[in-house]
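Structural overview for review
Below are the chains, spelled out letter by letter.
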Amino acid sequence: MNYLKDKVVLITGAAMGLGFATAVEAAAVGAKLALVDYNAEGLKKAKAQISEQSPAAEILTIVADTSSEEQVQNYVEQTINKFGAIDGFYNNAGIEGKQAPLADYDAEVFKKVIDINLLGVYYGIKHVLPHMQNKNYGRIVNVASVGGIRGVMNQTPYVASKHAVAGITKNTALEYAKFGIVTNAIAPGAILTPMVAGAFKQVNPSDPAAAEKEYAQANPTKRLGKPEEVAKVVCFLLSDACSYVNGQVIAIDGGQSNSY
Ligand code: NAD
């Protein structure tokens, strides 16, 4: 079913992981894509892979760092110049930072996590909104985390930034729904992407597979999530069908965040 047919979907952090998986899914259901990442090589590969699977998909790639407001303005402008509109915005780029208890956390890394995960998300919404308002239509999906609804040991700036993303989501939803703009966030648990593989290496450098196995055991499903399982939810949230779900932070975590 081509339920995103002719929709222009802008995705940040699209070179790999959750952004890439959503780009693959969105192209498969008819979307035109603007893909943003600061990894130029990864972006090129992502475009080639998507074109192979969805040869008809129109794809624009833009190399940009989402923590720079100037570069955000530029990726929005380039998307409008090419496609004339932005219907869906998957505001996904983010980093985990290092793992350390709060008092030992390096202040520079702390600031970097906030710059990308919080300010980058804010700049994106800020510059996309006027184009959605022009059309009286828009779907915004921000990426929080279970770290945006719960604490996560040794990841204070990540957790702070993701709680802030949940807050921005609620406020954008309140302020802009009257313009036909629906805003939600997803809160993924551990989904097996390069970011999460990196986290298992930090937790257990000599045996990351053991850390992964232990983590999976704590999940009701006894496994980690797959990027495609997140992509399907995101594509629903980017579609016309998502018309009255607004301001929600939707956990995609196998149910783990309900456990005490
Ligand atoms: P990933 O590291 O696998 O991929 C992230 C992509 O974003 C990479 O291509 C990277 O180059 C890009 N990127 C990072 N910072 C950028 C910046 N400043 N400008 C442009 N591009 C940038 O990560 P992922 O697991 O796919 O995570 C994607 C989002 O999902 C992040 O916001 C992350 O916090 C969130 N998340 C992931 C998980 C998970 O389990 N994978 C869980 C919860 C939340």
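Scroll up a little and you will see the structure.
Let me begin by describing the structure that accompanies this report. (Residues numbered from 1 in each chain as written. Predicted model: local features only at pLDDT ≥ 70, side-chain atom pairs only at ≥ 80, totals over all residues. Heavy atoms only, no water.)

**What about the packing of helix α6 (residues 194–203) against helix α7 (residues 208–217)?**
Between α6 and α7, the shortest axis-to-axis distance is 8 Å and the interhelical angle comes to 105 degrees. In terms of orientation, α6 and α7 fall into the roughly perpendicular class. Residues Phe-200, Lys-201 and Val-203 of α6 form the contact with α7, whose own contacting residues are Pro-208, Ala-211, Glu-212 and Tyr-215. Of the residues in the contact of α6 with α7, the class split is five nonpolar, no polar and two charged. (Axes fitted to C-alpha atoms, helices over the stretch in contact; angles between N-to-C directions. Helix = DSSP H or I, 4+ residues; strand = E, 2+ residues; numbered from the N terminus. Parallel < 35°, antiparallel > 145°, perpendicular 65-115°, else oblique. Contact = heavy atoms within 4.5 Å. Nonpolar A, V, L, I, M, F, W, Y, C, P; charged D, E, K, R; others polar.)

**Looking at the state of the cysteines**
Counted according to the given criterion, the structure contains zero disulfides. In this structure Cys-235 is not part of a disulfide, and its nearest cysteine sulfur, from Cys-242, lies 12 Å away. Taking relative accessible area as the criterion, Cys-235 reaches 0% and is therefore assigned buried. (Disulfide = S-S within 2.5 Å. Buried < 20%, exposed > 50% of the residue type's maximum accessible area, 1.4 Å probe, protein only.)

**Digging into the packing of aromatic side chains**
Any aromatic ring pair is given by two values, namely how distant the centres are and how the planes are angled relative to each other. According to the stated counting rule, one finds four aromatic pairs in the structure shown. A centroid spacing of 5.6 Å and a plane angle of 45 degrees characterise the contact between Tyr-122 and Tyr-123, whose relative ring orientation is tilted. With relative accessibility at 37%, the residue Tyr-122 sits in the partly exposed group. Centroid distance Tyr-176 to Phe-179: 5.9 Å. Interplanar angle 40 degrees. Geometry classified as tilted. Assessed through its relative accessible area of 21%, Tyr-176 is described here as partly exposed. (Phe/Tyr/Trp six-rings, centres within 6.5 Å; stacked < 30°, edge-to-face > 60°.)

**Considering the pairing of strand β4 (residues 88–91)**
Taking every second residue as pointing to the same face, both faces of β4 are buried, with Gly-88 and Tyr-90 on one and Phe-89 and Asn-91 on the other. Inspection of the sheet shows strand β1 (residues 8–12) paired to β4 by three bridges, in the parallel sense. Pairing of Leu-10 across the sheet is with Phe-89, part of β4. Where the polypeptide runs from β4 across helix α4 (residues 107–135) and back to strand β5 (residues 138–143), its parallel neighbour, the crossover connection is right-handed. (Pairing = 2+ DSSP bridges. Right-handed = clockwise from strand over helix to strand, strands pointing away.)

**With respect to unusual backbone geometry**
Excluding glycine, residues mostly have negative phi values, and the peptide bonds linking residues are mostly trans. Of note, Asp-6 is a non-glycine position whose phi angle comes to about 65 degrees, a positive value. By the secondary structure assignment, Asp-6 is in the segment before β1. Owing to a relative accessible area of 47%, Asp-6 belongs among the partly exposed residues under this scheme.

**Comments concerning the site of the ligand**
Near the ligand there are 29 residues, and of these Leu-18, Asp-37, Tyr-158, Ile-191 and Thr-193 occur at the shortest range. At a separation of 2.6 Å, an oxygen atom of the ligand approaches a polar side-chain atom of Asp-37. Note that an oxygen atom of the ligand is positioned 2.7 Å from one of the backbone N or O atoms of Ile-191. For the ligand, whose unbound accessible area comes to 820 Å², protein coverage reaches 95%. When contributions to the shell around the ligand are tallied by element, the ones reaching two or more residues are α1 (17–28), α5 (156–176) and α6. (Near = heavy atom within 4 Å. Polar contact = N/O pair within 3.5 Å; in protein donor to acceptor, adjacent residues only side chain to side chain. Areas by Shrake-Rupley, 256 points an atom, 1.4 Å probe, with all protein chains shown as cover.)

**Quick look at helix α3 (residues 69–83)**
Owing to its 3.6 residues per turn, the α-helix brings residues three or four apart onto one side. In this model α3 runs 21 Å from its N-terminal to its C-terminal C-alpha over 15 residues, within 8% of the 21 Å that 1.5 Å per residue would give. Those residues of α3 that fall on the buried side of the exposure criterion are Val-72, Tyr-75, Val-76, Thr-79, Ile-80 and Phe-83. In a view along the axis of α3, the buried residues occupy a sector of 135 degrees, so they form one face of it. For α3, exposure combined with an orientation more than 90 degrees from the buried face picks out Glu-70 and Asn-81. Those residues of α3 that are buried lie in contact with β1, β2 (32–37), β3 (59–63), β4 and α4. Looking one or two residues past α3, Gly-84 carries a phi angle of roughly 85 degrees, positive in sign. (Expected span 1.5 Å × (residues − 1). Arc of directions from axis to C-beta.)

**As for the nonpolar core**
Membership of the largest hydrophobic core comes to 32 residues, with the highest contact counts inside it found for Ile-11, Leu-33, Leu-35, Ile-50, Tyr-90, Ile-186 and Val-230. Among the secondary structure elements, those contributing two or more residues to this core are β1, α1, β2, α2 (40–53), β5, β6 (181–188) and α8 (227–237). No other element matches the six residues that α1 contributes to this core. In contact with Leu-35, not counting residues within four places along its chain, are Ile-11, Ala-14, Ala-23, Leu-43, Ile-50, Ile-59, Leu-60, Thr-61 and Ile-62. Core analysis: the next-biggest nonpolar cluster, separate from the first, contains 28 residues, Ala-64, Phe-89, Leu-118 and Tyr-123 among them. (Core = buried A, V, L, I, M, F, W, Y, C linked by side-chain atoms within 4.5 Å.)

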